[in-house]
Amino acid sequence: MTYDQIRPLIKTGDLLAWSHSGWGSWHAIQVSLVRMFTQSEFSHVGLAFVVYDRIFVLEAVSSGVRIYPLSRALPFYLVSNPKELSNAALEWAFQNIGNEYESKWRMVLATFIDMDLKDNYRFQCSEYVNGILTMNDQEITPVDTPSAIVEAAMQHWGSLQYITQ
């Protein structure tokens, strides 16, 4: 399905996911290694935020927690959330805009040793998404990896759709 076709149906709180592959750049190498170590099919997740007929992604990336235009992040995967985000969930999401990103390598290290990364005000993408969903009374998985979140969303909410340009 194309972005133009699905755009009118996207609502605040829908899960967005990306799956990068390849070894063509330093970033691609890092993403591929993280996916390999975390055994994750997906490399990134975020949640849709719709305002004034614009669609944004609430996400945590290497520059920090941010709001980014979805139209600049094509292609992506979509799982429709049956429940829009509550004011409490949006308030929590916005309170954390600008916070730092959790290092990919610390996240990989945490999969091998007992390392608590939850209360340090740094986020990786799936931790941020899980935080928003928890504030929305939608604790779909305790596992903070993109694939765990996508799989849980599919189990609870429905099918995964691939959205192209």
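For the structure itself, look to the data block above.
Bear in mind the structure is a predicted one, so any value in this text is a computation, not a measurement. (Residues numbered from 1 in each chain as written. Predicted model: local features only at pLDDT ≥ 70, side-chain atom pairs only at ≥ 80, totals over all residues. Heavy atoms only, no water.)

Visitor: I keep staring at the pairing of strand β1 (residues 15-18) and nothing clicks. Help me out?
Guide: The side chains of a regular strand alternate, residue by residue, between the two faces of the sheet. Side chains L15 and A17 of β1 all project onto a buried face; the interleaved residues L16 and W18 project onto the opposite face, where all are buried too. One ladder, built from 4 bridges, connects β1 with strand β2 (residues 44-51); its direction is antiparallel. Within β2, the residue paired with A17 across the bridge is V45. Summarising the sheet, β1 and strand β5 (residues 76-79) pair through 3 bridges and their orientation is antiparallel. (Buried < 20%, exposed > 50% of the residue type's maximum accessible area, 1.4 Å probe, protein only. Helix = DSSP H or I, 4+ residues; strand = E, 2+ residues; numbered from the N terminus. Pairing = 2+ DSSP bridges.)

Visitor: Please clarify how unusual backbone geometry should be interpreted in this entry.
Guide: Working note: non-glycine residues mostly have negative phi, and peptide bonds are mostly trans. Here the amide bond leading from L74 into P75 is cis, since omega sits at -5°, within 30 degrees of zero. With respect to the helices and strands, P75 occurs in the loop between β4 (64-69) and β5. The phi torsion at Y52 lies on the positive side, around 50°, for a residue other than glycine. Along the polypeptide, Y52 turns up in the loop between β2 and β3 (54-61). Overall, the relative accessible area of 79% leaves Y52 in the exposed class. Its identity as a non-glycine residue notwithstanding, D53 has a phi of 65°, on the positive side. Residue D53 is classed as exposed on the basis of its relative accessible area of 61%.

Visitor: Could you clarify how one ought to interpret the pattern of salt bridges in this entry?
Guide: Any two side chains of opposite charge can pair, given that their charged atoms come close. Tallied over the full model, the rule gives 4 salt bridges. Among the ionic pairs, R66 bridges to E59, the shortest N-O distance being 2.8 Å. The buried category is assigned to E59, whose relative accessible area is 5%. A salt bridge links R122 to E100; the shortest N-O distance between them is 3.5 Å. Of this pair, R122 sits in strand β7 (residues 122-123) while E100 is found in strand β6 (residues 100-101), placing the two residues 22 residues apart along the sequence. When its relative accessible area of 31% is taken as the criterion, R122 is described as partly exposed. Classification of E100 as exposed rests on a relative accessible area of 52%. (Salt bridge = Lys/Arg side-chain N within 4 Å of Asp/Glu carboxyl O.)

Visitor: What's the story with the nonpolar core in this structure? I'm lost.
Guide: Nonpolar side chains in soluble globular proteins tend to be buried together. Among the nonpolar cores identified, the biggest contains 29 residues, and L15, V45, L58, Y128 and I132 are the most heavily contacted of them. Of all the elements in the fold, those that place two or more residues in this core are β1, β2, β3, α3 (87-95), α5 (125-135) and α6 (146-157). With sequence-adjacent residues up to four places away left out, Y128 is seen in contact with L58, E59, A60, V65, W92, A93, N96, I97 and F123. Ranked by size, the runner-up nonpolar core spans 13 residues in total, among them L16, A48, A73 and L78. (Core = buried A, V, L, I, M, F, W, Y, C linked by side-chain atoms within 4.5 Å. Contact = heavy atoms within 4.5 Å.)

Without other data, these values stay purely geometric and don't point to any function.
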